[in-house]
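Residue-level structural notes
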Amino acid sequence: MGEQESAESTEVAKPHKSVKGSKGARPESRLALVRRARRINRELAEVYPYAHPELDFENSFQLLVATVLSAQTTDLRVNQATPALFAAYPTPEDMAAADPEVLEQLIRPTGFFRAKAKSLLGLSAALRDRFGGEVPGRLEDLVTLPGVGRKTANVVLGNAFGVPGLTVDTHFGRLVRRWKWTAQEDPEKVEAEIAALFPKSEWTMLSHRIIFHGRRVCHARKPACGACPIAPLCPAYGEGETDPDKAKKLLKYEMGGQPGQRLRPPSGYPGRPAAPLGAAE
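Residues numbered from 1 in each chain as written. Predicted model: local features only at pLDDT ≥ 70, side-chain atom pairs only at ≥ 80, totals over all residues. Heavy atoms only, no water.

Let's shift gears to helix α1 (residues 30-47). Taking 1.5 Å of rise per residue, 18 residues should cover 26 Å, and α1 covers 26 Å from first to last C-alpha, within 8% of that figure. Buried residues of α1: Arg30, Leu33, Val34, Arg36, Ala37, Arg38, Ile40, Asn41 and Leu44, and no others. In this structure, the buried residues of α1 make contact with α11 (203-216). (Helix = DSSP H or I, 4+ residues; strand = E, 2+ residues; numbered from the N terminus. Expected span 1.5 Å × (residues − 1). Buried < 20%, exposed > 50% of the residue type's maximum accessible area, 1.4 Å probe, protein only. Contact = heavy atoms within 4.5 Å.)

Right, here's the structure in full:
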């Protein structure tokens, strides 16, 4: 996706719903939407200056594998399974030659292990045969690998290659719709509309901040509205618990004084590391 023009300098386009959503309120202009979206991003940057990908990895191959495994499960489950996996298969060549049944057992904790094992075997063989055993640094190449879609490709590009991209996972989609940044449901359409609101240089960190906020505060069923730092900017305020004391009890991970999802979090992370697989919590 190419560099977006500054949305604040473009002509006002389609109107959006007002932030409060009250009857008779003026629709939010395109310019007002851009300003509110960018302010939310700035506020989240202050709340989560340590935002990062919550998968443990040491290189692009490990990140690619971990991201494929993260479908339909938590990053914690993936992080607990990958130490043994990467010890057994440190390179694409090693994983491509794996016994499928042994591979399945190693990734079993992540769920859907047969389908995921098939994807890992396929993408490892493709890396070996078509890319010289290296993870490619282009989206158009990454999405040709078995089990790799646009979301996975953007995770790898943004965090292993420094190529800006938006990670439209369930948390990202939920929050940007709650904030009225988009009404789209299709991930590619969501990606395109959100990309148009921000400079390209912000895309990767914006994704981390939104996903962090979705996991810690703005939950799917019980958002902690009363403890939300961006409540004044949120058109969905009130969908969750608004009492500050009750809302604080809904906070998760380091915001709630609990372990995070990474066994090996980066320096500067204020929370506690997660426990290895089988360890007492």
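This part covers the environment of Met95. Tracing the backbone through its elements, the reader meets Met95 in helix α4 (residues 92-96). According to the relative accessible area criterion, Met95 is buried, its value standing at 0%. The spatial distance from the C-alpha of Met95 to the C-alpha of Leu120 is 7.5 Å, given a sequence separation of 25 residues. Dropping the residues within four chain positions of it, Met95 is found in contact with Phe61, Val65, Leu85, Tyr89, Leu120, Leu121 and Ser124.

Here the focus is the packing of aromatic side chains. Summed over all chains, the structure comprises 6 aromatic pairs. On the numbers, 5.9 Å between centres and 65 degrees between planes, the contact of Tyr48 with Phe212 is edge-to-face. Linking Tyr48 in the loop between α1 and α2 (60-69) with Phe212 in helix α11, this pair joins segments that are 164 residues apart in sequence. The pair Tyr48 / Phe212 is uniform in exposure class, with both members buried. Ring centres 4.9 Å apart and planes at 50 degrees place the aromatic pair Trp179 and Trp181 in the tilted group. Pair check on accessibility: Trp179 and Trp181 agree, each one buried. Ring pairs connect the aromatic residues Tyr48, Tyr50, Phe212 and Tyr269, which therefore count as one cluster. Sitting over the ring of Phe212, Arg216 keeps its end group 3.7 Å from the ring centre. (Phe/Tyr/Trp six-rings, centres within 6.5 Å; stacked < 30°, edge-to-face > 60°. Lys NZ or Arg CZ within 6 Å of the ring centre and 35° of its normal.)

Now for the nonpolar core. By size, the foremost hydrophobic cluster in this structure holds 36 residues, and its most contacted members are Phe172, Trp179, Trp181, Ile194, Leu197, Phe198 and Ile210. When residues in this core are grouped by element, the largest group, 5 residues, is from α1. Counting 33 residues, the second-largest nonpolar core is a separate cluster that includes Phe86, Phe113, Ala153 and Val156. (Core = buried A, V, L, I, M, F, W, Y, C linked by side-chain atoms within 4.5 Å.)

For the protein, per-residue confidence averages 92 on the pLDDT scale, and 90% of positions sit at 70 or higher. Below a pLDDT of 50 lies the segment residues 1-18, which in the model reaches 43 contacts outside its immediate sequence neighbourhood of four places, other chains included. (pLDDT = per-residue confidence, 0-100.)

Here we come to unusual backbone geometry. At Gln72, a position not held by glycine, the phi torsion is positive, near 65 degrees. Checked against the element boundaries, Gln72 lands in the loop between α2 and α3 (75-88). Relative accessible area serves as the criterion here: at 68%, Gln72 is assigned to the exposed category. In the Ramachandran plot, Tyr253 falls in the positive-phi region, its phi being about 55 degrees despite a non-glycine side chain.

If you check which residues of helix α10 (residues 187-195) are buried, you get Val190, Glu191, Ile194 and Ala195. For α10, the buried positions fall inside an angular range of 125 degrees around the axis, keeping them on one side. Between a side-chain oxygen at the N-terminus of α10 and the backbone nitrogen of Glu188 the separation is 3.2 Å; the capping residue is Asp186. (Arc of directions from axis to C-beta. Polar contact = N/O pair within 3.5 Å; in protein donor to acceptor, adjacent residues only side chain to side chain.)

Contact geometry of helix α5 (residues 100-107) with helix α6 (residues 113-130) gives a least axis separation of 9 Å together with a crossing angle of 120 degrees. When the interaxial angle is binned, α5 and α6 end up oblique. Crossing handedness for the pair α5 and α6: right-handed. For the pair formed by α5 and α6, the contact residues are Pro100, Leu103, Glu104 and Ile107 on the first element and Phe113, Arg114, Lys116, Ala117, Leu120 and Leu121 on the second. By residue class, the composition of the contact of α5 with α6 is 7 nonpolar, no polar and 3 charged. (Axes fitted to C-alpha atoms, helices over the stretch in contact; angles between N-to-C directions. Parallel < 35°, antiparallel > 145°, perpendicular 65-115°, else oblique. Left-handed = near helix turned anticlockwise from the far one by under 90°. Nonpolar A, V, L, I, M, F, W, Y, C, P; charged D, E, K, R; others polar.)

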